[in-house]
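This is what each chain is made of:
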Amino acid sequence: MMKQTFYVSINQGSRVELYTEKTDPQLIQFAVEVDEAEVEEFKQLIERFRDKDVEPQQIFSHPFDEPASDREKESVKYDTRYLYELIYKHGTEKTRRELEELQKQNTGA
């Protein structure tokens, strides 16, 4: 199966998009090389992020609904980790180096 290069774009507010070419240079975009099934896996994960798009009004409408928001946060954290694992697994050499660099910055290594 043919692999194609896609760009996973991550920007503020946890919006995640998948593009066939580099778009806005202001966005963080990771190049991945994926086949059709892997593109589907990314798309399904991106849909989960869209479903969870936490809006300020949701926070205000349920200010004391802690268990739900904690579950939601855990779920977003899990999906975020999964997203980065997928990006690393399918990423180009440059993408992998960028992620390793990001990880070093985040862990203070």
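Per chain, residue numbering runs from 1 following the sequence as it is written. Restriction of local features to residues with pLDDT of at least 70 applies here, the model being predicted, together with a cutoff of 80 or more for giving and counting side-chain atom pairs; totals for whole chains, interfaces and linings are based on all residues. Note that water and hydrogens are dropped before the side-chain values are worked out from all heavy atoms of the structure.

Asker: What am I meant to see in the overall build of the protein here?
Answerer: Secondary structure follows DSSP: runs of H or I at least 4 residues long count as helices, runs of E at least 2 residues long count as strands, and numbering of each begins at the N terminus. Across its full length, the protein holds four helices and three strands. Residue burial is assigned from relative accessible area. The probe radius is 1.4 Å, only protein chains are included, and a residue is buried under 20% of its type maximum, exposed over 50%, and partly exposed in between. Looking at the protein as a whole, 28% of its 109 residues are labelled buried. Contacts between residues were defined by any pair of non-hydrogen atoms, one from each residue, lying within 4.5 Å. In the protein, the share of contacts with a sequence separation of at least 24, taken over all contacts with a separation of at least 6, comes to 63%. Surface summary for the protein: the accessible area is close to 7900 Å², and the carbon and sulfur share equals 52%. Residue-level accessible areas treat just the shown protein chains as cover; the underlying method is Shrake-Rupley with a 1.4 Å probe.

Asker: Honestly, the nonpolar core in this entry has me stumped. Any pointers?
Answerer: One recurring pattern in soluble globular proteins: nonpolar side chains tend to sit buried together. In this description, a nonpolar core means a group of buried Ala, Val, Leu, Ile, Met, Phe, Trp, Tyr and Cys residues linked to one another through side-chain atoms lying within 4.5 Å. Counting 17 residues, the largest nonpolar core has Val8, Leu18, Val32, Phe42, Leu83 and Ile87 as its most contacted members. Only β1 (4-11), β2 (15-19), β3 (28-34), α1 (36-51) and α3 (66-90) provide two or more residues apiece to this core.

Asker: Looking at this model, I keep getting lost on the packing of aromatic side chains. Mind explaining?
Answerer: Two aromatic rings, taken as a pair, are described by how far apart their centres are and by the angle between their planes. Any pair of Phe, Tyr and Trp rings, taking the six-membered ring for Trp, is counted once the centres come within 6.5 Å. Such a pair is stacked with planes under 30 degrees apart, edge-to-face with planes over 60 apart, and tilted for the rest. Scanning the model with the defined rule gives two aromatic pairs in all. Consider the rings of Phe30 and Tyr84, whose centres lie 6.2 Å apart with planes at 75°: the pair is edge-to-face. With Phe30 in strand β3 and Tyr84 in helix α3, the pair connects residues that are 54 residues apart, well separated along the chain. Relative accessible area serves as the criterion here: at 2%, Phe30 is assigned to the buried category. Whether a charge sits over a ring comes down to the Lys NZ or Arg CZ being within 6 Å of the ring centre and within 35 degrees of the ring normal. Over the ring of Tyr88 we find Arg96; its NZ or CZ atom is 5.0 Å from the centre of that ring.

Asker: Looking at this structure, how should I read the sheet that holds β3?
Answerer: To summarise the sheet geometry, strands pair through backbone hydrogen bonds and adopt either a parallel or an antiparallel arrangement. Paired strands, as defined in this entry, are two strands with at least two bridges between them according to DSSP. The three strands lie next to each other as β2-β1-β3, forming an open sheet whose pairing is antiparallel. Sheet topology places β2 and β3 at the edges, where each strand pairs with a single neighbour. Between one strand and the next, the sheet's axes are offset by a mean angle of 25°, whatever the strand orientation. In this sheet, β2 lies alongside β1 in antiparallel orientation, the contact comprising five bridges. From the neighbouring strand, Asn11 faces β2, where its bridge partner is Arg15. Helix-sheet contacts for α1 involve β1, β2 and β3, and the interaxial angle to β2 is about 155°. Working convention: axes come from line fits to C-alpha atoms, limited for helices to the stretch in contact. Angles between N-to-C directions cover 0 to 180 degrees.

Asker: Looking at this structure, I do not really get α1. What am I missing?
Answerer: In an α-helix there are 3.6 residues to a turn, and that puts residues three or four apart on one side. In this scheme, a helix's expected span is set at 1.5 Å multiplied by one less than its residue total. Relative to the 22 Å expected for 16 residues at 1.5 Å per residue, α1 spans 23 Å between its end C-alpha atoms, a close match to the ideal helical length. Along α1, the residues classified as buried are Glu38, Val39, Phe42, Leu45, Ile46 and Phe49. Each buried residue of α1 sits inside an arc of 125° when the element is viewed along its axis, so together they form one side. Facing away from the buried side of α1, by more than 90 degrees, are the exposed residues Glu36, Ala37 and Asp51. Measuring from the side-chain oxygen of the N-cap residue of α1 to the backbone nitrogen of Ala37 gives 3.1 Å; that N-cap residue is Asp35. This arc corresponds to the set of directions leading from the helix axis out to the C-beta atoms. Pairs of N or O atoms are called polar contacts if they sit within 3.5 Å, as long as, within protein, a hydrogen donor faces a hydrogen acceptor (for residues adjacent in sequence, only side-chain-to-side-chain pairs).

Asker: Whenever I open this one, the pattern of salt bridges confuses me. Can you help?
Answerer: Here the idea is simple: oppositely charged side chains can pair when their charged atoms come close. For salt bridges, the criterion is a side-chain nitrogen of Lys or Arg within 4 Å of an Asp or Glu carboxyl oxygen. Scanning the entire structure with this criterion turns up five salt bridges. The closest approach of N and O atoms between Asp79 and Arg48, which form a salt bridge, is 2.9 Å. With a gap of 31 residues between them, Asp79 in helix α3 and Arg48 in helix α1 connect regions that are remote in the sequence. Among the residues examined, Arg48 registers a relative accessible area of 33% and is labelled partly exposed.

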